[in-house]
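As a plain string of letters, each chain reads:
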Amino acid sequence: MKKSKEMENIYILAAIESIINNNTSTDLGELSLEFKVKVVNLPDLMLEDTYNIAMEVMVRSRENATGKLKDADIFHKKLKRCYGCEEEREMILNQVFNMSTAEKMDLIMRREKKLSSSKYRRNWLYSPDEFFEGIDLHNDGLDDHVLLGIELPDSDKECLQSKVDEYLKDFRESLIQQDKKEPKNN
């Protein structure tokens, strides 16, 4: 599995588990992935002095055998173009958690940019949250420039792919069943 596909699968699994299933972790075998979601003001990379309110899906890995935290990653999903105060960001996060499953899946799977197939944005200039305490994040010498990325053992990569495939298959099947139940308007 290519690294970008693996990162996308980590994002999809973390978003589905945390936003739809309300789980804070999932076991992949050798490692468990742990999740935290919040809404932040994120600078727009294309427009100077412009911010987006974005959902931040934070992921960290933990060795199951030792309980030691290993790696981390952060994924962003733009929700609204503007700068939001804490109350507005909290309200928007609550709106996300109150969406229907179909709306949540649409949000999770939506492309982040029109000309990109990526379903998330990564932000390299970031001061890590307390969620990442205990993880050896590597600073490359730039202010707040932290190197992120989760390394999975091969067996966990297969489990990750299997879980993502199963969630997406279940979601497609539930949409088909729902479509069959709804009366057709002629």
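Residues numbered from 1 in each chain as written. Predicted model: local features only at pLDDT ≥ 70, side-chain atom pairs only at ≥ 80, totals over all residues. Heavy atoms only, no water.

A. Representation of the overall build of the protein chain in the model. In terms of helices and strands, the protein chain carries four helices and six strands. Ordered by position from N to C terminus, the α and β elements of the protein chain give α-β-β-β-β-α-α-β-β-α. Scored against the burial criterion, the 186 residues of the protein chain give a buried share of 41%. Partitioning the contacts of the protein chain with sequence separation of at least 6, the portion at a separation of at least 24 is 64%. Carbon and sulfur atoms make up 49% of the accessible area of the protein chain, which amounts to about 10,900 Å² in all. (Helix = DSSP H or I, 4+ residues; strand = E, 2+ residues; numbered from the N terminus. Buried < 20%, exposed > 50% of the residue type's maximum accessible area, 1.4 Å probe, protein only. Contact = heavy atoms within 4.5 Å. Areas by Shrake-Rupley, 256 points an atom, 1.4 Å probe, with all protein chains shown as cover.)

B. Seen up close, the side chain of Asn41. Relative to the helices and strands, Asn41 resides in strand β2 (residues 31-43). What makes Asn41 buried here is its relative accessible area of 16%. For Asn41, the side chain forms a polar contact with the main-chain nitrogen of Gly84, separated by 2.8 Å. Ignoring any residue separated from it by four or fewer positions in sequence, one finds Asn41 in contact with Tyr51, Asn52, Ile53, Cys82, Tyr83, Gly84 and Arg89. (Polar contact = N/O pair within 3.5 Å; in protein donor to acceptor, adjacent residues only side chain to side chain.)

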